[in-house]
Structures are given as C-alpha cells and as structure tokens.
Amino acid sequence: MEKKKKITTQLNYSLLKQIGIGVVAVIAFIISWYLSYRFFYQGEGASMSIWGGTADFIGLFIGIFLVGTVVGLIGILVEKWWVVAATYFLATVSFFIFFPFKLLPVAAILFFLIILVLTFLSIERERKVRIRVNVYKILRRGFPVVLTMLAIVLAVSYYVSSVEDIKDNGVQIPRQSFDSSTDVLESYIAKVYIPGFNKDMSVSEASFQLVLNEFSQEGASWREMKIADNLESTLVTEDIDVNDNQAVMGAIKDNQVVHDKALELYQGTETSDNLLGSFGLGDVASNQPIIDAAYNALNDKINDLLQPYRSIVPIAFAITFFLMLQFFTFFIKWVVYGAVWLLFIILKATGFLQVVKVPKEIEEIKL
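Here the structure is a predicted model, which is why all the values come from computation and not from measurement. Here the residue numbering is sequential within each chain, running from 1 through the sequence in written order. In view of the model being predicted, local features appear only for residues whose pLDDT reaches at least 70, and side-chain atom pairs are presented and counted only at 80 or more, with totals across whole chains, interfaces and linings using the full set of residues. To get the side-chain values, take all heavy atoms of the structure and skip hydrogens and water.

**Observations regarding the overall build of the protein**
Only DSSP runs of H or I reaching four residues or more are called helices, and only runs of E reaching two or more are called strands; each is numbered from the N terminus. Helix and strand counts for the protein come out as 14 helices and zero strands. What you see in the protein, going N to C, is helices and strands ordered as α-α-α-α-α-α-α-α-α-α-α-α-α-α. Counting the 367 residues in the protein, one finds 43% classified as buried. Should any heavy atoms of two residues lie within 4.5 Å, those residues are counted as being in contact. A separation of at least 24 residues holds for 75% of the contacts in the protein among residues at least 6 apart in sequence. Note that accessible areas follow from Shrake-Rupley with a 1.4 Å probe, and for residues the cover is restricted to the protein chains shown. When the accessible area of the protein is evaluated, it comes to approximately 21000 Å², of which 61% is carbon and sulfur surface. Each residue gets one of three labels from its accessible area relative to the maximum for its type: buried under 20%, exposed over 50%, partly exposed in between, using a 1.4 Å probe on protein chains only.

Structural data, given as structure tokens:
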C-alpha cells in the first residue's frame, strides 16, 4: 500500500513538473511575440522593418531562440499529450495579445499550432524508440520545420504590419539606419567637396559652403560673387580690407557676423536656386537641415521608382524577410540544439529529471 502511494506521489510530482515546463513555454512564447511586435510596430517603422537596426534584429532572434528552446524541451521532457496540447494552444493564441486578429495571421497561427503538435509527436516517437538518449538525434526529427513555420508566421506578421502603410504612405527608409549610414558620407563630403561640412547644416548653408570652396580653389575674387555689393558695408564695419581678397574670403568663412550676412544674401539668389536644383533639392526650405532634405528626397525617389509596383511591394518585402529569417534560423537551430542539451545536462545534474534504463521489446522478422 505504501509502495503504491509512493508511485502515485511520484506520478503527481512528474505531472506538476510537466505543467511547469508548459507554463515556462507559454511565457517564452509571449516574450517572443512581444519582441516581434516591437520589431514590427515600435521600431524604425513597420514598412521598412526589413532594414531595422541591430538592436531590433537581436530582439527578434532572441524571441526565435526562446521558442526553439522551449519546443525542444517539451519534446524531450513532456509526456502528457494534453499538457502539450494545452501549452501549444495557449502559446500560439497569445500571439493575438500583441498582433491584430486578422484572417491571414489566424491561418498562419493555426498552421503553426498543427506543426508544433506534429513535431512533438515526431520527437516523442524518436525518443521512445531510441536505445540511448541523444538530444540532437531526438530533436532533429521534425524540429527544423518548427523554425521554418515560425519564420512564415513572422513574415506574415511583417506583411500585415506593412501592407496598409506602404500602400497609403509609400516606402520609408528607417531614419535611424539612414542617419547611421550618413556618418561616413559626412566625413567624405567634408574631406573632398565641402571643408567644414556637417550633416546638421541647413540646405542653403551647405550650398553656400560649396560655393565658397569653389571660389577659394579657383582663386576667384570675392567681388565676382553676386552678393558682393551688399556685403561690402558689413566688411567695412568689421574692419576687413575689401581689397584683400584672401582676407575677405577668410572673414566670410570665420567671422560669424560676415558669414551670417553673406549667407543671408546668398539665400534666394539665382546661384542658390540652381545649385539646390542640381542636387534635386529645389523644392525644400532653404533653412531645412540638409540631412532631412536628403532623407526626404531619397524616399521620394524610391517611391517614384516603386509607384507602378506599390501593390506587390509588401509581398516582395515579406518574401525577402522570410528568406532572410531562413538564413539566420539555420544558425539559430544549432544554438538551440546546444541550449537544450545544456539544459538537459543541468536538469539531470540537479535531479529534476532522471535517465533510467528500461527493457524494450522489439520485433524481428524470421523465416
């Protein structure tokens, strides 16, 4: 009687541990969905999340890793089918805590749920027929398809998050990524074209600096500038010798009063208008930061090119996003195998699980 009671207690304890694993799995899925939601909706803009920043991608891949790890643990450790079914149902349905309840995501999540259950059955079958426990050989039976299906769910989520935005507002390059990429360009322009250039300059100031640089390189007289007549009085007030071309050019660059007056006179001149037009920036405010003008102009150019294909752009981006995830999940898969193996060793060492030897019957064919 006491022995029977002990067995019952062990079974109840085992069930509690399996339920505990299920709870951890649901939490891991919720964290993963949240990280995905941040990537698509709270990052640099849904329509171009495919170009998101490094931190955004790291969060997304951490979510994929968490899902893969808990799916592996469930396949290795959980035996009760109803625990698995309940866990995966709650885990997949939690997707809609963050994402909109629409037909396409519902279909993807339902298919994902089916894949999770089938993967568990495949792993369980492999686990039961193996003579020795081998985490990698058990998990490889069907597990990779889970990551593929997860990539499909995320690609569908990307499509849903971007389709309306792209159709209504067009493609927008993530601003943070654009700003980061212009750091190198800023140094190059300052070195080659416009000494002292920085991307926070206004459009007119950058244009003016370029004109000054050209005049300096050619050794031209400052009086050839179309602002010369109106600038002379300011030069005299600042005690600048108007007959010393080098002194005047130096004052325009370094003397704040002279520089501001020269810039004021330069704005709106024919030279300014032509130069802005040659940059493709003719329709922007002259006092607008040049980095903003370049950003808007580049977005406009991209959208002009994509205008005939705007309806299929979200689909093309979603497919590209899926292929990119597939590439990275190939490497994440091996990290998951290692993580599940390490957790298996730790849980075994702490007594959370045991590896026991049991006799197995096998079938043989004889004539």
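That covers the picture; the talk isn't over yet.
**Thoughts on the packing of aromatic side chains**
Working definition: rings of Phe, Tyr and Trp (its six-membered ring) pair if their centres are within 6.5 Å, and the pair is stacked with planes under 30 degrees apart, edge-to-face with planes over 60 apart, and tilted otherwise. Enumeration over the complete set of coordinates arrives at 21 aromatic pairs. With a centroid separation of 5.3 Å and an interplanar angle of 80°, the aromatic rings of Phe327 and Phe328 are classed as edge-to-face. Relative to Phe331, the ring of Phe330 lies with its centre 5.4 Å away and its plane at 85°, an arrangement referred to as edge-to-face. The class for Phe330 is partly exposed, based on a relative accessible area of 44%.

**Topic: the environment of Phe208**
Secondary-structure assignment places Phe208 in helix α8 (residues 203-218). Spatially, the C-alpha atom of Phe208 lies 8.3 Å from that of Gln267, the residues being 59 residues apart in sequence. Once residues within four sequence positions are removed from consideration, Phe208 is found in contact with Met225, Ile227, Ile252, His259, Ala262, Leu263 and Tyr266.

**Some thoughts on the packing of helix α3 (residues 81-93) against helix α4 (residues 103-129)**
In contact at an axis separation of 10 Å, α3 and α4 are set at 150° when each is read in the N-to-C sense. The angle between α3 and α4 places the two elements in the roughly antiparallel class. Read as a crossing pair, α3 and α4 show a hand that is right-handed. Counted together, Val84, Tyr88, Phe89 and Thr92 of α3 and Ile109, Phe112, Leu113, Leu116, Val117 and Phe120 of α4 form the full contact between these two elements. Residues are grouped as follows: Ala, Val, Leu, Ile, Met, Phe, Trp, Tyr, Cys and Pro are nonpolar; Asp, Glu, Lys and Arg are charged; every other residue, Gly included, is polar. Along the lines of polarity and charge, the residues of the contact of α3 with α4 split into nine nonpolar, one polar and no charged. Helix axes use the C-alpha atoms of the stretch in contact, all axes being lines fitted to C-alpha atoms, and the angles between their N-to-C directions lie in the range 0 to 180 degrees. Oblique is the label for every angle not falling under 35 degrees (roughly parallel), over 145 degrees (roughly antiparallel), or within 65 to 115 degrees (roughly perpendicular). Each crossing gets its hand from how the near helix is turned against the far one by less than a right angle, where anticlockwise is left-handed and clockwise is right-handed.

**A short note on the nonpolar core**
We define the nonpolar core as a collection of buried residues of types Ala, Val, Leu, Ile, Met, Phe, Trp, Tyr and Cys that are connected through side-chain atoms lying within 4.5 Å of one another. Grouped together as the largest cluster of nonpolar side chains are 65 residues, with contacts concentrated most on Phe29, Trp33, Phe112, Phe321 and Leu325. Sorting the residues of this core by element identifies α1 (2-41), α2 (54-77), α3, α4, α5 (135-139), α6 (143-169) and α14 (313-349) as the ones contributing at least two each. If one sorts the elements of this core by residue count, α6 sits on top with 13 residues. Apart from the residues within four sequence positions on either side, Leu325 is in contact with Leu60, Phe61, Ile64, Ala151 and Leu154.

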